[in-house]
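Single-letter residue listing:
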Amino acid sequence: MNSTLKTWIAESESWQSFIDLQIPEDARAKYKFLPRADDFYISLMYNCYNILNLPITEINTNEAILIAKGLEIYSLKQKSDHFQGIDINNNMLFAAGLYYLSGYVSSAYILSSLYKEYETNIDIFISSLLRNNINTENPYMNQLKLYFLTGDKNRIDSLYEMIKAAENIEFERNSNAYISCLLAKKILEKILDCNIWLDLLNTKDDIEYWKPYVLHCISKKNPVLSFFPSQRDALKNGILSERTMSLQMPTSSGKTFLTEIIIYNSIKTNNANKILYLTPFRSLAAELKKSLAKDLRSLGIIAKTIYGGNLPSMDERQAIDESNVLISTPEKFMAMESLIPSLDMAYSIVICDEGHLLDDGNRGLQYELLLARMRLHQRNRKFLFISAIVPNMEMVNQWLGGTNETIVKSNYRPTQLDYAFLHKNTNTNYWLDFNPGLPSQFQLYKFLTENDLILQKGTKSFTVSTKAGLTIAAAIKAINQGSVLVFSPQVGGTIGVETLANAAIKQIGFKNDDFLITDSNEDTIIDLINYFSIIFGPEYLLCKSIEKGFIYHHGDFPQFAREIIEDVINNGNIKLIICTTTLTEGINLPIKTIVIHSTKRFNLNVRGKYKDLSIREFKNLVGRAGRAGKELKGLIIVPHQDDFNLIFNVMNDTHIEEIHGNLFNLIKPITKLLTEGRVPLDDELLEEFERSFPNEVEAIDFSLLELLSEEIGIDELLVMVDEIVKNTYSYFQSNVEEKDTLSKICNYRARKFIPYIESQKFKEIKGSSVSLSSYDEIDRNIDFNNDIWFANEISHEDWITFIFDNSIFTLQFYNDILLEFNNKNKVEIDPVALKSILLLWLTGSWYCDISTYTGLDIKVILRLINKLFTYELQSLLSAIIRIAEIRNENIEISQFIINWPKMMQYGLDSQLKLDLLELGLSDRVAIIKLNQYLHNINFNYQSKGELVEFINNNVEIIRNIPTHDIPNISYKNIIDFLDNI
């Protein structure tokens, strides 16, 4: 390919961006290829013809992609009308075909889906194949379909001969048809070299073994006929073996699909096998419940997903026992372990998703210690460690039991990614510099102009002047080419999500109040406003944002609200989204562009109060742009110059942080100080360590608790502790002195357990999973012999009075938690106010109602309920109740008390409401409405089985529930519940 053609192709990419972003005509560069569009097209087709005449193994995929990019502009909407005399259908077929031959099957799918009307059998075959539609009635496709249905290679060989015969005929008769035959033949050669049958049979040569899985793949809504290069590499390198392995794959390169194959293979080999899928994020666990778990169910594999809460229900315990696959957050799994002895021993494969979070400040320590215990308990267990990017993957893999031969690294990404940095030209003129320093670099001049930054509506005007305003202006401009996500590292403050939302409301108001609202999303907008107005109130910022046609998402929202927002985004009904990391942690989104508002997060412990997020965090974030099968490309826009350097590192894969164990990060500086000062680590210093690092000490204690059995003797204690310490990642990567420090710290903590073992209290500590200091306070202050524990009927008021006034409010560590909450949120919530809010929550009030009643800002109420109640209080109550159960093991504790932490967590005040939740209706609005309906028809029941039977027998009646006061979202959730119960 000559240099002129390469230059024209590069120009065509830049020209496409001008068109997509609706840059004014007078601002566009003078592209040399445009006056010579015919010559450009002839050159592209000439090179295409040459490629199609090469053996499949000799095709230069980089050149093929370039030719495809050049050809696509002649058929894409808003571009094709600039050219004359081109058969846009036929041209798109060749552009898509070249993407396919280059390994970009998702891009081929998108392009080939734009035009589907073809006349000749060969063109119909190519178009259908590129769209993975093997059900098209066509003589060529019929043969290919039989191949995928049976695995019989003779079918595909016959098809190849059919196409060769057609090629020979068309060579003399029709040049266009002849070239189509060349393309079809080349695509078939690609399939012969790369398809799901071939790759699976290379791992295990047994057609009947793989047939159910292949039929599952080709019957998906988006059928799978071949694997991505990253997936093929993993299969070739033994991902299905029993060896521990590590996968380093970019976001959206098919890791979840790979885990599906691994799970199928494991269960097919031995249906008694169990697989644990650990994901650090509740959001990712929720997504996997809807995707992976659903797909596994169609294969006859039962998957259970658990996340949130600490006291497992009986249904959860039973479901875990009956399932083949458990998808769980580490925290939830550890809570289950305290109730199900030796739970981790049941799993022969442990999949560690988002593995780089081993050193996350909030989640990493529990993740590391959980894996350390699992390594200790079962040496032949297979670990699959997955992360998008880890520079020291070899060390992590070796720690888990792998070797250098069991690491699979791939840079393949199914969609390409552009980085664009915003530069100021004049006060009202900004330009974008794309991919600086890379061969694909180009510029877009006048990306933002006076029309974008000086807004007028009637006699009023507004000039965009703040950083938040500039970010939103860039995002609004980018909406012209697809969905846009604006990222901020935090909720509040000048760089936060709420500031961005207010900036967006103002700019949209000056442009056109409904310019983001279309016929296709108007109903969705109305449904969201009706639903969230009940929960947050119509004046809440989220509702005002939705009225303007955009939405935001952050960690202060309750889980069910986040999932509703995520569903709306996934359905493509909202084009502008503002969020923190809570939306980008592992979730696949149909996003074209990400605008990064800031790379820094507020941090009180840092001089200047702001600290850069890690490059790894941004690698994870940018991977969400350009979803495979939805977009040809992803785009990252960086509007502010003080963020450029960090994103340059992200773009060039430089200065990426290694993974270190949490304890390693702690003991390394301590050891350095001890070594340099020649100071021995004695008991006095160890006590100081406990005071300085209480969270780390608590995590060590929890891990020791899970490791140690209730019958352990004091002599065994230190030996077992030494074993778990030596199995941590922190110990593995430490030098001799650091290993000694870690061992002494953990040994010191282990000795703290001795009095509790001697006094027989260890069983209660282990069963409740509380720290030693917390247990001591609970033991001293709570009356476990009170008759209320065993009462047949208890009111919420009586229980709250006992458990709070006489118990929780007497605990110093809980009062410290409440004080910290008050200081952080600048409020003064006393025990009386806390109980009042709790009763309002239990009896059906929403955040807006409680805010009005108490006079507290709704943001405080959200944090109080979704963090203090749902996590801190729920965990504490669950622990207290477990101690009561263990201490009174011969007397049955009230079922009301056992259920109460979950009632408090979800704001439910009756057994019926709780049963509806546990049967799968997670929408609190829907639960309250359905409960009210069942109450009105005087429904009574004695067991959950009776409730299920009644609902199944009265589905049609319940479907006709009065809907005048039920938001449409909740009504749909009730219908889904009825369909799935």
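The structure reproduced in this document is the subject of the present report. Note that the structure is a prediction, hence the values are computed from the model and not measured.

**What to know about the overall build of the protein chain**
- Of the regular secondary structure elements, the protein chain holds 47 helices and 19 strands.
- For 981 residues, the compact-globule estimate of 2.2 N^0.38 gives 30 Å, and the C-alpha radius of gyration of the protein chain, at 30 Å, lies within 12% of that figure.
- The principal-axis extents of the C-alpha atoms in the protein chain amount to approximately 95 × 75 × 75 Å.
- In the protein chain, buried positions account for 59% of the 981 residues.
- Considering only contacts in the protein chain between residues 6 or more positions apart, those separated by 24 or more positions represent 70%.
- Within the structure as shown, the protein chain displays about 40,700 Å² of accessible surface, and the carbon and sulfur contribution to it stands at 47%.
- Counting 97 positive and 124 negative side-chain charges, the protein chain places the averaged centre of each group 5 Å from the other.

**Description of the pattern of salt bridges**
- Tallied over the full model, the rule gives 48 salt bridges.
- Asp39 serves as the salt-bridge partner of Arg36, at 3.2 Å between the closest nitrogen and oxygen.
- We note a salt bridge from Glu885 to Arg882, for which the minimum N-O separation is 3.3 Å. Here the residue Glu885 and the residue Arg882 both occupy positions in helix α41 (residues 858-887), the gap between them amounting to 3 residues, near one helical turn.
- Looking at Arg882, the relative accessible area reads 16%, which means it is buried.

**Quick notes on a negative patch on the surface**
- On the surface, a cluster of negative charge is contributed by Asp514, Asp519, Glu522 and Asp523.
- Mapped onto the secondary structure, Glu522 falls in helix α23 (residues 522-536).
- With relative accessibility at 39%, the residue Glu522 sits in the partly exposed group.

**Thoughts on the environment of Phe442**
- Mapped onto the elements, Phe442 comes out in strand β10 (residues 442-448).
- You can call Phe442 buried: its relative accessible area is 8%.
- Each C-alpha atom of the pair Phe442 and Glu13 lies 8.7 Å from the other, and the pair is 429 residues apart in sequence.
- Among all residues touching Phe442, those that are not within four sequence positions of it are Glu13, Ser14, Ser17, Leu432, Asp433 and Phe434.

**Quick notes on the side chain of Thr279**
- With respect to the helices, strands and loops of the structure, Thr279 is situated in the loop between β2 (275-278) and α14 (282-290).
- If we skip the residues at most four places from it in the chain, Thr279 touches Leu284, Ala285, Leu288, Ile327, Ser328, Thr329 and Pro330.

**Considerations on the nonpolar core**
- Phe532, Trp789, Tyr847 and Trp900 are the most contacted members of the largest nonpolar core, which has 320 residues in total.
- Ranked by residues supplied to this core, first place goes to α41 with 16 residues.
- Ile306, Leu343, Met374 and Phe383 belong to the second largest nonpolar core, which has 27 residues in total.

**Focus: the pairing of strand β11 (residues 454-457)**
- Note that β11 and strand β12 (residues 460-463) share 4 bridges and pair antiparallel. Within β12, the position partnered with Lys457 by the bridge is Lys460.

**Description of unusual backbone geometry**
- Backbone geometry at Lys446 places phi at a positive 55°, although glycine is not the residue there.
- Looking at the secondary structure, you find Lys446 in strand β10.
- Given the relative accessible area of 33%, Lys446 is considered partly exposed.
- Despite not being glycine, Gln760 shows a phi value in the positive range, around 70°.
- Take Gln760: it is sitting in the loop between α34 (754-758) and α35 (762-768).

**Some points on α14**
- Restricting attention to buried positions, one finds in α14 the residues Ser283, Leu284, Ala285, Ala286, Glu287 and Leu288.
- In the core, the buried residues of α14 are packed alongside α13 (255-269), β2, α15 (292-298), β3 (303-306), β4 (325-328) and α25 (559-570).

**Examining helix α10 (residues 196-203)**
- Turning to α10, its buried residues are Ile196, Trp197, Asp199, Leu200 and Leu201.
- Two or three places before Trp197, at the opening of α10, Asn195 has a side-chain oxygen 2.9 Å from that residue's backbone nitrogen.

**Here we look at the packing of aromatic side chains**
- According to the stated counting rule, one finds 51 aromatic pairs in the structure shown.
- Geometrically, the ring pair formed by Tyr147 and Phe148 is edge-to-face, given 5.2 Å between the ring centres and 65° between the ring planes.
- Judged by its relative accessible area of 5%, Tyr147 falls in the buried class.
- Taking relative accessible area as the criterion, Phe148 reaches 1% and is therefore assigned buried.
- Note on Tyr209 and Tyr264: the rings are 6.4 Å apart at their centroids and 75° apart in plane angle, and the pair reads as edge-to-face. Here Tyr264 lies in helix α13 and Tyr209 lies in helix α11 (residues 207-218), a separation of 55 residues in the sequence.
- Overall, Tyr264 belongs to the buried group, its relative accessible area being 5%.

**Topic: the sheet that holds strand β7 (residues 407-409)**
- The 7 strands are arranged β3-β4-β2-β5-β6-β1-β7 in an open sheet whose pairing can be described as parallel. Of all strands in the sheet, those with a lone pairing partner are β3 and β7, marking the two edges. The mean inter-strand angle of the sheet, taken between neighbouring strand axes irrespective of direction, is 15°.
- Here strand β1 (residues 245-248) pairs with strand β6 (residues 382-387) via 4 bridges, running parallel. Bridge pairing links Gln248 to Ser387 in β6.

**Re the pairing of β2**
- On β2, burial covers both faces: Ile275 and Tyr277 on one face and Leu276 and Leu278 on the other are all buried.
- Of the pairings in the sheet, the one linking β2 to β4 comprises 4 bridges and is parallel in character. Bridged to Ile275 within β4 is Val325.
- With 4 bridges connecting them, β2 and strand β5 (residues 349-352) associate as parallel partners. Residue Tyr277 lies in a different strand from β5, and its bridge partner there is Ile351.

**What to know about the sheet that holds strand β13 (residues 484-487)**
- Taken in spatial order, the 8 strands make up an open sheet running β10-β9-β8-β19-β16-β13-β15-β14, and their pairing is mixed. Edge positions in the open sheet fall to β10 and β14 (551-553), since each of these has one partner strand only. For this sheet, the mean angle separating the axes of adjacent strands, direction not counted, is 25°.
- As judged from the 6 bridges shared by strand β8 (residues 416-426) and strand β9 (residues 429-434), these two strands associate in the antiparallel manner. Bridging from a neighbouring strand, His423 pairs with Trp431 of β9.

**Observations regarding the side chain of Asn435**
- Looking at the secondary structure, you find Asn435 in the loop between β9 and β10.
- Taking relative accessible area as the criterion, Asn435 reaches 1% and is therefore assigned buried.
- Polar contacts involving the side chain of Asn435 include one to the side chain of Asp418, which spans 2.9 Å.

**A few points about a positive patch on the surface**
- Residues Lys221, Lys294, Arg297 and Lys630 make up a contiguous surface patch of positive charge.
- With respect to the helices, strands and loops of the structure, Arg297 is situated in helix α15.

**A closer look at the environment of Asn620**
- With respect to the secondary-structure elements, Asn620 resides in helix α26 (residues 615-622).
- Taking the C-alpha atoms as reference points, Asn620 and Ile389, separated by 231 residues in sequence, lie 8.4 Å from one another.
- Side chain to side chain, Asn620 and Arg624 meet in a polar contact 2.8 Å long.

**Here we look at the environment of Leu811**
- One can find Leu811 in the loop between α37 (796-805) and α38 (812-825).
- Along the chain, Leu811 and Asp776 lie 35 residues apart, while their C-alpha atoms are 9.9 Å from each other.
- Once residues lying within four places of it in the same chain are set aside, the contact partners of Leu811 are Glu777, Ile778, Asn781, Ile782 and Leu876.

**Things to note about the packing of helix α4 (residues 88-101) against helix α9 (residues 175-193)**
- Two numbers describe how α4 lies on α9: the axes approach to 10 Å, and their chain directions differ by 25°. The orientation of α4 relative to α9 falls into the category roughly parallel. Here the hand of the crossing between α4 and α9 comes out left-handed. Residue-level inspection shows Asn90, Leu93, Phe94, Gly97, Tyr100 and Leu101 of α4 in contact with α9, the latter providing Ile179, Ser180, Leu183, Lys186, Ile187, Lys190 and Ile191.
- Within the contact of α4 with α9, the residues separate by chemical class into 8 nonpolar, 3 polar and 2 charged.

Reading guide: rules and limits
Residues numbered from 1 in each chain as written. Predicted model: local features only at pLDDT ≥ 70, side-chain atom pairs only at ≥ 80, totals over all residues. Heavy atoms only, no water. Helix = DSSP H or I, 4+ residues; strand = E, 2+ residues; numbered from the N terminus. Rg over C-alpha atoms; globule rule 2.2 N^0.38 Å. Buried < 20%, exposed > 50% of the residue type's maximum accessible area, 1.4 Å probe, protein only. Contact = heavy atoms within 4.5 Å. Areas by Shrake-Rupley, 256 points an atom, 1.4 Å probe, with all protein chains shown as cover. Lys, Arg positive; Asp, Glu negative; His and termini not counted. Charge placed at Lys NZ, Arg CZ, Asp CG, Glu CD. Salt bridge = Lys/Arg side-chain N within 4 Å of Asp/Glu carboxyl O. Patch = residues over 30% accessible without salt bridge, like charges linked within 9 Å, V, L, I, M, F, W, Y side chains within 5 Å. Core = buried A, V, L, I, M, F, W, Y, C linked by side-chain atoms within 4.5 Å. Pairing = 2+ DSSP bridges. Polar contact = N/O pair within 3.5 Å; in protein donor to acceptor, adjacent residues only side chain to side chain. Phe/Tyr/Trp six-rings, centres within 6.5 Å; stacked < 30°, edge-to-face > 60°. Axes fitted to C-alpha atoms, helices over the stretch in contact; angles between N-to-C directions. Parallel < 35°, antiparallel > 145°, perpendicular 65-115°, else oblique. Left-handed = near helix turned anticlockwise from the far one by under 90°. Nonpolar A, V, L, I, M, F, W, Y, C, P; charged D, E, K, R; others polar.

So, to be careful, I would describe these as geometric facts and stop short of saying anything about function.
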